[in-house]
Amino acid sequence: RAAAQLHQSEERFTRIFQLVDQPMGLSRVHDGQYLEVNPAWEAMIGIARENALGRTAVEMGILTSEARKRLMAACQRNGGALTNYELELRASDGRRITALQSMRMVNFEDESCWLFTAHDISERKRDEERMQRMAHTDALTGLPNRMELAQRLQAAMHDARATGTQLGDRKS
(Lines give C-alpha, C1' and ligand atoms only; values in the text may rest on other atoms or scores of the structure.)
Protein backbone atom coordinates (compact mmCIF):
# COMPACT_ATOMS: atom_id res chain seq x y z
CA ARG A 1 0.00 0.00 0.00
CA ALA A 2 2.78 2.47 0.90
CA ALA A 3 4.61 1.63 -2.34
CA ALA A 4 1.43 2.25 -4.36
CA GLN A 5 0.88 5.61 -2.65
CA LEU A 6 4.49 6.59 -3.32
CA HIS A 7 4.10 5.61 -6.97
CA GLN A 8 0.90 7.67 -7.27
CA SER A 9 2.62 10.63 -5.63
CA GLU A 10 5.56 10.39 -8.05
CA GLU A 11 3.19 10.18 -11.04
CA ARG A 12 1.30 13.27 -9.82
CA PHE A 13 4.56 15.19 -9.38
CA THR A 14 5.72 14.19 -12.87
CA ARG A 15 2.43 15.26 -14.49
CA ILE A 16 2.44 18.62 -12.69
CA PHE A 17 6.14 19.18 -13.46
CA GLN A 18 5.53 18.53 -17.16
CA LEU A 19 2.37 20.67 -17.35
CA VAL A 20 3.68 23.79 -15.58
CA ASP A 21 4.17 26.57 -18.14
CA GLN A 22 7.14 27.97 -16.19
CA PRO A 23 10.58 26.60 -17.20
CA MET A 24 11.68 24.14 -14.51
CA GLY A 25 14.38 21.58 -13.97
CA LEU A 26 16.18 19.35 -11.55
CA SER A 27 19.98 19.11 -11.41
CA ARG A 28 22.42 17.34 -9.11
CA VAL A 29 24.16 19.55 -6.56
CA HIS A 30 27.56 17.85 -6.75
CA ASP A 31 28.10 18.06 -10.52
CA GLY A 32 25.26 20.21 -11.93
CA GLN A 33 24.05 17.53 -14.36
CA TYR A 34 20.41 17.84 -15.35
CA LEU A 35 18.20 15.00 -14.18
CA GLU A 36 14.95 16.47 -15.48
CA VAL A 37 13.65 19.50 -17.39
CA ASN A 38 10.11 20.34 -18.43
CA PRO A 39 8.75 21.33 -21.87
CA ALA A 40 8.70 25.04 -20.92
CA TRP A 41 12.47 24.83 -20.21
CA GLU A 42 13.00 23.12 -23.58
CA ALA A 43 11.06 25.90 -25.33
CA MET A 44 12.96 28.71 -23.58
CA ILE A 45 16.46 27.24 -24.02
CA GLY A 46 15.88 25.43 -27.32
CA ILE A 47 17.47 22.16 -26.22
CA ALA A 48 15.45 18.95 -26.23
CA ARG A 49 15.08 17.14 -22.92
CA GLU A 50 16.90 14.04 -24.17
CA ASN A 51 19.88 16.20 -25.18
CA ALA A 52 19.97 18.02 -21.82
CA LEU A 53 19.72 15.11 -19.38
CA GLY A 54 23.10 14.04 -18.03
CA ARG A 55 24.75 17.29 -19.17
CA THR A 56 25.43 20.56 -17.35
CA ALA A 57 24.39 24.13 -18.15
CA VAL A 58 28.06 25.07 -18.58
CA GLU A 59 28.71 22.12 -20.89
CA MET A 60 25.77 23.16 -23.10
CA GLY A 61 26.75 26.85 -23.09
CA ILE A 62 23.63 27.97 -21.20
CA LEU A 63 25.74 29.47 -18.39
CA THR A 64 29.39 30.43 -18.24
CA SER A 65 31.41 28.70 -15.54
CA GLU A 66 31.85 32.08 -13.81
CA ALA A 67 28.10 32.74 -13.84
CA ARG A 68 27.49 29.27 -12.36
CA LYS A 69 30.07 29.91 -9.62
CA ARG A 70 28.35 33.21 -8.75
CA LEU A 71 24.95 31.47 -8.74
CA MET A 72 26.18 28.69 -6.45
CA ALA A 73 27.90 31.19 -4.11
CA ALA A 74 24.69 33.25 -3.85
CA CYS A 75 22.72 30.10 -3.13
CA GLN A 76 25.13 29.05 -0.38
CA ARG A 77 24.97 32.54 1.17
CA ASN A 78 21.19 32.19 1.29
CA GLY A 79 21.07 28.83 3.02
CA GLY A 80 20.70 26.64 -0.07
CA ALA A 81 17.85 28.56 -1.66
CA LEU A 82 17.41 31.52 -3.98
CA THR A 83 14.42 33.53 -5.05
CA ASN A 84 14.41 35.69 -8.20
CA TYR A 85 18.17 35.73 -8.74
CA GLU A 86 18.88 37.62 -11.97
CA LEU A 87 21.23 35.92 -14.39
CA GLU A 88 21.96 35.75 -18.08
CA LEU A 89 21.39 32.51 -19.93
CA ARG A 90 22.28 31.66 -23.51
CA ALA A 91 19.74 29.77 -25.64
CA SER A 92 20.84 27.17 -28.18
CA ASP A 93 20.36 29.71 -31.00
CA GLY A 94 22.70 32.20 -29.28
CA ARG A 95 19.98 34.46 -27.89
CA ARG A 96 20.79 36.03 -24.54
CA ILE A 97 18.02 35.52 -22.01
CA THR A 98 17.81 37.58 -18.86
CA ALA A 99 16.07 35.39 -16.32
CA LEU A 100 15.03 35.41 -12.70
CA GLN A 101 15.96 32.02 -11.29
CA SER A 102 14.61 30.57 -8.09
CA MET A 103 15.98 27.33 -6.67
CA ARG A 104 15.76 25.09 -3.64
CA MET A 105 17.85 22.16 -2.54
CA VAL A 106 15.76 18.98 -2.47
CA ASN A 107 16.41 15.29 -1.99
CA PHE A 108 15.61 13.31 -5.13
CA GLU A 109 16.24 9.56 -5.27
CA ASP A 110 18.63 9.86 -2.30
CA GLU A 111 20.68 12.61 -3.97
CA SER A 112 20.92 16.31 -3.16
CA CYS A 113 19.51 18.22 -6.12
CA TRP A 114 18.50 21.72 -7.15
CA LEU A 115 14.86 22.14 -8.07
CA PHE A 116 14.82 25.33 -10.09
CA THR A 117 12.55 27.54 -12.09
CA ALA A 118 13.41 30.39 -14.43
CA HIS A 119 11.33 33.36 -15.51
CA ASP A 120 12.39 35.09 -18.74
CA ILE A 121 12.47 38.86 -18.14
CA SER A 122 14.40 39.74 -21.33
CA GLU A 123 11.56 41.77 -22.83
CA ARG A 124 10.99 43.66 -19.57
CA LYS A 125 14.73 44.49 -19.36
CA ARG A 126 14.74 45.75 -22.97
CA ASP A 127 11.67 47.89 -22.21
CA GLU A 128 13.36 49.35 -19.10
CA GLU A 129 16.51 50.19 -21.09
CA ARG A 130 14.41 51.79 -23.85
CA MET A 131 12.51 53.86 -21.26
CA GLN A 132 15.82 55.02 -19.74
CA ARG A 133 17.09 56.08 -23.18
CA MET A 134 13.82 57.86 -23.88
CA ALA A 135 13.99 59.67 -20.54
CA HIS A 136 17.51 60.97 -21.20
CA THR A 137 17.71 61.60 -24.95
CA ASP A 138 15.85 63.68 -27.48
CA ALA A 139 13.66 61.41 -29.61
CA LEU A 140 14.37 63.33 -32.83
CA THR A 141 18.12 63.91 -32.56
CA GLY A 142 19.25 61.23 -30.12
CA LEU A 143 21.23 63.90 -28.25
CA PRO A 144 21.13 64.25 -24.47
CA ASN A 145 18.01 66.08 -23.31
CA ARG A 146 17.71 68.65 -20.51
CA MET A 147 17.40 65.99 -17.82
CA GLU A 148 20.58 64.23 -18.98
CA LEU A 149 22.44 67.54 -19.33
CA ALA A 150 21.38 68.58 -15.82
CA GLN A 151 22.61 65.25 -14.41
CA ARG A 152 25.93 65.56 -16.23
CA LEU A 153 26.33 69.16 -15.05
CA GLN A 154 25.60 68.13 -11.44
CA ALA A 155 28.20 65.34 -11.68
CA ALA A 156 30.80 67.71 -13.17
CA MET A 157 30.14 70.31 -10.46
CA HIS A 158 30.49 67.64 -7.77
CA ASP A 159 33.80 66.46 -9.28
CA ALA A 160 35.08 70.06 -9.50
CA ARG A 161 34.24 70.67 -5.84
CA ALA A 162 35.84 67.38 -4.78
CA THR A 163 39.07 68.10 -6.66
CA GLY A 164 39.21 71.84 -5.89
CA THR A 165 39.12 72.79 -9.55
CA GLN A 166 36.84 75.02 -11.54
CA LEU A 167 34.19 73.65 -13.80
CA GLY A 168 35.68 73.14 -17.23
CA ASP A 169 39.34 73.00 -16.09
CA ARG A 170 41.14 70.28 -17.97
CA LYS A 171 42.91 67.62 -15.96
CA SER A 172 46.49 66.97 -17.02
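One can find the structure itself at the top, above this paragraph.
Throughout what follows, the structure given in this document is the object of discussion. These figures come from a predicted structure and were not determined experimentally. (Residues numbered from 1 in each chain as written. Predicted model: local features only at pLDDT ≥ 70, side-chain atom pairs only at ≥ 80, totals over all residues. Heavy atoms only, no water.)

1. A closer look at the nonpolar core
Nonpolar side chains tend toward joint burial in soluble globular proteins.
Move 1: Core analysis: the biggest nonpolar cluster contains 26 residues, and Y34, W41, I45, I62, L89 and M103 have the highest contact counts within it.
Move 2: Of all elements in the fold, only β2 (34–37), α2 (39–45), α4 (65–77), β3 (81–90), β4 (96–108) and β5 (111–120) reach the threshold of two or more residues within this core.
Move 3: When residues of this core are assigned to their parent elements, the largest contribution, five residues, is made by α4.
Move 4: In contact with L89, not counting residues within four places along its chain, are M44, I45, I62, L63, R95, R96, I97 and A99. (Core = buried A, V, L, I, M, F, W, Y, C linked by side-chain atoms within 4.5 Å. Buried < 20%, exposed > 50% of the residue type's maximum accessible area, 1.4 Å probe, protein only. Helix = DSSP H or I, 4+ residues; strand = E, 2+ residues; numbered from the N terminus. Contact = heavy atoms within 4.5 Å.)

2. Some remarks on empty space enclosed by the protein
Move 1: Inspection of the entire model under this criterion finds one cavity of 30 Å³ or more.
Move 2: What lines the largest cavity is a set of 19 residues, among which Y34, A57, L63, Q101 and F116 lie closest to the centre.
Move 3: Elements with a minimum of two residues in the lining of the largest cavity: α2, α4, β4 and β5.
Move 4: When the residues that make up the lining of the largest cavity are grouped by side-chain class, the tally is 14 nonpolar, four polar and one charged. (1 Å grid on protein atoms, 1.4 Å probe; cavity = no way out; pocket = protein on both sides within 12 Å on 5 of 7 lines; lining within 4 Å. Points joined across faces, edges and corners; volume = space filled by probe spheres on them. Nonpolar A, V, L, I, M, F, W, Y, C, P; charged D, E, K, R; others polar.)

3. Section: the side chain of Q101
Move 1: The topology assignment puts Q101 in strand β4.
Move 2: Judged by its relative accessible area of 8%, Q101 is buried.
Move 3: Apart from the residues within four sequence positions on either side, Q101 is in contact with L71, L82, T83, N84, Y85, L87, F116, T117 and A118.

4. Description of the sheet that holds strand β1 (residues 24–28)
Move 1: The five strands lie next to each other as β2-β1-β5-β4-β3, forming an open sheet whose pairing is antiparallel. The sheet is open, and its two borders are formed by β2 and β3, each paired with just one other strand. Adjacent strand axes in the sheet meet at a mean angle of 30° when their direction is disregarded.
Move 2: Relative to β5, β1 runs antiparallel, the two sharing five bridges. What sits directly across from R28, in β5, is C113.
Move 3: Packed onto the sheet, helix α1 (residues 2–19) meets β1, β2 and β5 and runs at close to 70° relative to β2.
Move 4: The strands touched by α4 within the sheet are β3, β4 and β5, with β3 carrying the most contacts at an inclination of about 175°. (Pairing = 2+ DSSP bridges. Axes fitted to C-alpha atoms, helices over the stretch in contact; angles between N-to-C directions.)

5. Comments concerning the pairing of β2
Move 1: As defined by bridge partners, β1 adjoins β2 across three bridges and the pair is classed as antiparallel. Each residue of the ladder has a partner; that of L26, found in β2, is E36.

6. Some points on the environment of T117
Move 1: In this structure, T117 sits in strand β5.
Move 2: Relative accessible area serves as the criterion here: at 23%, T117 is assigned to the partly exposed category.
Move 3: A sequence separation of 59 residues divides T117 from V58, and the C-alpha atoms of the two residues are 17 Å apart.
Move 4: Contacts of T117, omitting those with residues within four sequence positions, involve Q22, P23, M24, L100, Q101 and S102.
Move 5: Engagement of the side chain of T117 in a polar contact is seen with the backbone oxygen of P23, the distance being 3.0 Å. (Polar contact = N/O pair within 3.5 Å; in protein donor to acceptor, adjacent residues only side chain to side chain.)

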